[in-house]
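# Reading the structure
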Amino acid sequence: MAAAEFFEARIFRGVLCHSSTLNTFGIVFLAALILAAVTRLWLARRHVAYVQAHRTDVPAAFAAEISLAEHQKAADYSAAKTRFSMVDTVVGTAVALAFTFGGGLQLLHEISALWTTEGIARGVVLVALFGLVSTLLDLPFDYYRTFVIEGRFGFNKATPGLFFADALKGLAVGALLALPLAAVILWLIDALGAWWWLAAWGVTIAFGAFVQFIAPTVIMPLFNKFSPMQDPALRERVERLVQRCGFKVKGLMVMDGSRRSAHGNAFFTGFGNTKRIVFFDTLLKQLEPPEVEAVLAHELGHFRLRHVLKRMAITALLSLGFFWLLGYLMAQPWFYSSLGVASPTPAMALLLFMLVLPPFTFLLQPLGAKYSRMHEFEADAYAVQYASARDLVSALVKLYRENASTLTPDPLHSAFYDSHPPAVARIARLQKA
Ligand SMILES: [Zn+2]
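To keep things clear, this report deals only with the structure shown in the data block. Per chain, residue numbering runs from 1 following the sequence as it is written. Totals for whole chains, interfaces and linings use every residue, but because this is a predicted model, local features are given only for residues with pLDDT of at least 70 and side-chain atom pairs only at 80 or more, for both listing and counting. Side-chain metrics rest on all non-hydrogen atoms present in the structure, leaving aside hydrogens and water.

By salt bridge we mean one thing: a side-chain nitrogen of Lys or Arg within 4 Å of a carboxyl oxygen of Asp or Glu. As enumerated under the stated definition, the model contains twelve salt bridges in all. The salt bridge involving Glu402 is made with Arg401; its shortest N-O contact spans 3.9 Å. In this structure Arg401 comes out as partly exposed when scored by relative accessible area, which is 25%. What emerges from the salt-bridge pattern is a single network uniting Asp88, Asp142 and Arg145. Think of it in three bands: residues with accessible area under 20% of the maximum for their type are buried, residues over 50% are exposed, and the middle band is partly exposed, with areas taken using a 1.4 Å probe on protein chains only.

Attention now goes to the packing of helix H10 (residues 289-304) against helix H14 (residues 365-386). Contact pair H10 / H14: the axes reach a minimum separation of 7 Å and the direction vectors enclose 120°. In terms of orientation, H10 and H14 fall into the oblique class. Judged by the twist between their axes, the crossing of H10 over H14 is right-handed. Here Glu293, Ala294, Ala297, His298, Leu300, Gly301, His302 and Arg304 of H10 come into contact with H14, specifically with His375, Glu376, Ala379, Asp380, Tyr382, Ala383 and Tyr386. The residue makeup of the contact of H10 with H14, split by class, is seven nonpolar, four polar and four charged. Here an angle of 0 to 180 degrees is reported between the N-to-C directions of two axes, which are lines fitted to C-alpha atoms, with helices fitted over the stretch in contact. Comment: elements are numbered from the N terminus, with helices defined as DSSP H or I runs of at least four residues and strands as E runs of at least two. What sets the label is the angle itself: under 35 degrees gives roughly parallel, over 145 gives roughly antiparallel, 65 to 115 gives roughly perpendicular, and the rest give oblique. Each crossing gets its hand from how the near helix is turned against the far one by less than a right angle, where anticlockwise is left-handed and clockwise is right-handed. Any two residues whose heavy atoms approach within 4.5 Å at even a single point are treated as in contact. Residue type decides the class: Asp, Glu, Lys and Arg count as charged, Ala, Val, Leu, Ile, Met, Phe, Trp, Tyr, Cys and Pro as nonpolar, and the leftover types, Gly among them, as polar.

Among the secondary structure elements, Tyr77 is positioned in helix H3 (residues 68-99). Distance from Tyr77 to Thr406, taken between C-alpha atoms, is 8.2 Å for residues 329 residues apart in sequence.

Structure follows, in structure tokens:
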């Protein structure tokens, strides 16, 4: 059979037999998938409409620092990004349907037999094929986002060469990290029987911690250059602040973010011996030293108030629940048959689970966003104890302006997604401090 005929026959057979086995769970998944997509599209439309309705007036609190032209650029940028996210939602939903009911995963399983038919090895090949196909499907979207949207608004600094080099490196690093983990989990399923999920959860948590630990020294330098902060005056100012807050941080690094984007940022990374504070070179160009200090005080607040640790603990707890659920579902024949899969293998269960989970956890999104916004307010409150509130306000206003972040998001869209409080509420609270 020629390859084309083989694929055609598979897909045809897939559609035929799977539509007839669409049982209760298949219907529940389909309903959740459609509900999540419709909610996303509805929120996006609201957001675009709201931003455009407020396009003609800079909010009073910002009128002195942000010009009407800058405000309108932010509105157009938000609208462009949000409209594109709607395309992403529709295609993402179609891809999830194609992998499940469309027989896509089953097809990848059959293709994996070209390499091996041994259980665990074939499972790893299936996971690798799925990762490869997903990455290739994402690539045109990333390309459009980078070169068309970011490019149009003057934010993109990457060349196509750098973009594709990043994609290749990302794929290689992803494979190097994910495939051994998948192999270990598949082996645990094979070796431990009913309690595999508990051991697999432990391994996954330990693995996550390991990746966090090596990220600043091994993974991130593959993509960016990190150099110690040079400017002696700024360095001294920052070191004094770090001391005032009772910290010991070894690395005070500057990252060449300007190679890819004009957006600026600052973050904390690693833990133990690899703990460091990283500033984007773009951020240092945009802010005055006292403003850099205020932004850093905010980041230190996240650390001191254990926000990172709390999030990791919640994630670990949630994933324990997910592993337990996966352990249960893996043993149910209907889990496979109702989702368009005829070959119930452990690797298949892992992938199906990853595809099925998002529309259900979508409902947790507003809770997670609210939790994150609470942490932002807490970090701001911490920052103004150790640095000037006025400097933090002026730093934030500059960052809103330089990043063309909208000052007038749709309140519901913002409540659902935003990890940071809306500009107006955040600045108002800082001005009271
Ligand atoms: Zn923050």
